[in-house]
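A structural walkthrough
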Amino acid sequence: MIEIGGSGRYLQKSRFCFFTVCFLFLTAPVLGQTEFPFETARPLYVGARALAMGNAFTAVADDGTAGFWNPAGLIQWQGVKLFGVTKFHDRHYYRFDPKGVGYSWRGYSLYWGNKIAIDVANGIPDFNYYSFARQLGAYFAAGLSLKFKRQHPSDYYQFFGYHTSYDIGLLFKPRPELKFGCLLQNLDGRGIQWMTLGIAYRYTSYQFSADIALSTEDAEPEFYFGVEWTPSSFFSLRVGSSNGALTGGVGLRIIDVYINYARIYEERFASDFISAELQF
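Residues numbered from 1 in each chain as written. Predicted model: local features only at pLDDT ≥ 70, side-chain atom pairs only at ≥ 80, totals over all residues. Heavy atoms only, no water.

Some points on the layout of surface pockets
- Of the pockets and cavities examined, the largest pocket occupies roughly 580 Å³.
- Lining the largest pocket we find 35 residues, and of these Arg49, Asp62, Asp63, Glu228 and Tyr258 sit closest to its centre.
- For the lining of the largest pocket, the leading source of residues is strand E15 (residues 270–279), giving four residues.
- Taken together, the residues of the lining of the largest pocket break down into twelve nonpolar, eleven polar and twelve charged. (1 Å grid on protein atoms, 1.4 Å probe; cavity = no way out; pocket = protein on both sides within 12 Å on 5 of 7 lines; lining within 4 Å. Points joined across faces, edges and corners; volume = space filled by probe spheres on them. Helix = DSSP H or I, 4+ residues; strand = E, 2+ residues; numbered from the N terminus. Nonpolar A, V, L, I, M, F, W, Y, C, P; charged D, E, K, R; others polar.)

Notes on the confidence of the model for the protein chain
- Confidence along the protein chain averages 88 in pLDDT terms, with 88% of residues attaining 70 or more.
- A low-confidence stretch, residues 1–7 (pLDDT under 50), is modelled with zero contacts involving residues beyond four sequence positions or located in other chains.
- Across residues 16–34 the pLDDT falls below 50, and counting only partners more than four positions away or on other chains, this stretch makes 46 contacts in the model. (pLDDT = per-residue confidence, 0-100. Contact = heavy atoms within 4.5 Å.)

As for the packing of aromatic side chains
- Applying the stated criterion across every chain, the model contains 20 aromatic pairs.
- Ring geometry for Tyr130 versus Phe160: centroids 5.5 Å apart, planes at 40°, classification tilted. Residue Tyr130 is located in strand E5 (residues 126–135), and its partner Phe160 is located in the loop between strand E6 (140–149) and strand E7 (163–175); the two are separated by 30 residues in the primary sequence.
- With relative accessibility at 24%, the residue Tyr130 sits in the partly exposed group.
- With relative accessibility at 47%, the residue Phe160 sits in the partly exposed group.
- The structure contains a cluster of three or more aromatic residues connected by ring pairs, namely Phe36, Phe38, Tyr45, Tyr93, Tyr94, Phe96, Phe269 and Phe273.
- The residue whose ring lies beneath Arg42 is Trp194, and the NZ or CZ to ring-centre distance is 4.1 Å.
- When the ring centre of Tyr94 is taken as origin, the NZ or CZ atom of Lys87, which lies over that ring, is 4.4 Å away. (Phe/Tyr/Trp six-rings, centres within 6.5 Å; stacked < 30°, edge-to-face > 60°. Buried < 20%, exposed > 50% of the residue type's maximum accessible area, 1.4 Å probe, protein only. Lys NZ or Arg CZ within 6 Å of the ring centre and 35° of its normal.)

Listed below in structure tokens is the structure:
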């Protein structure tokens, strides 16, 4: 009886500490990144869940945003997933509204996604993603995304675009609670400009994730960390650090609809995102 009571008090203290950290993250002074990495064909900021977890999502990649983060992760679910996300606060600084749809069945996956940013320094970055993934054995999967930058605005719909690049995604899951991810990114030319390595570990109702992004062109390494606490199947709480910028958010599940909120503290202001995902 003493051991049970002690473990219960320890669990209550751990939850109190987690909520305290989340509160501090969401009310901290504004600090963090000096530019918007989503202006290039990189997945950062895509999805309120991933953003709330500090953009540490390469090894997680198990929701409707997987085609952006790691196409190999598309094989982690069956059926169809639709998602959309929007920045709903201080849109006069910039607007960023990704969306996508994926289908996965028996180890094969197909995906289309689009992300567009308006009112940023580089004009209007507008990218279409077309992804394919295949499960290779019990523990390994691989995926490929072709990325097309589109001319915007345009008088006609562009299925592809004038600039083509690609992502290669790998996912290794040696144990149910442990995953490793790798994303090789081509942004320009023929070679790989970025390699992102990720790890995700689930312990009871907690999921911990960490990414390191390494440049092949002498840019500084980038570090991303996140924690997700899911005390029930209907609610999640998340905090993270996106290369020095504090993030946090919550998630709700209503039947088969997932609603996620995220906040990130950027250099001059805080940005708020909300996303919805439907699975069927």
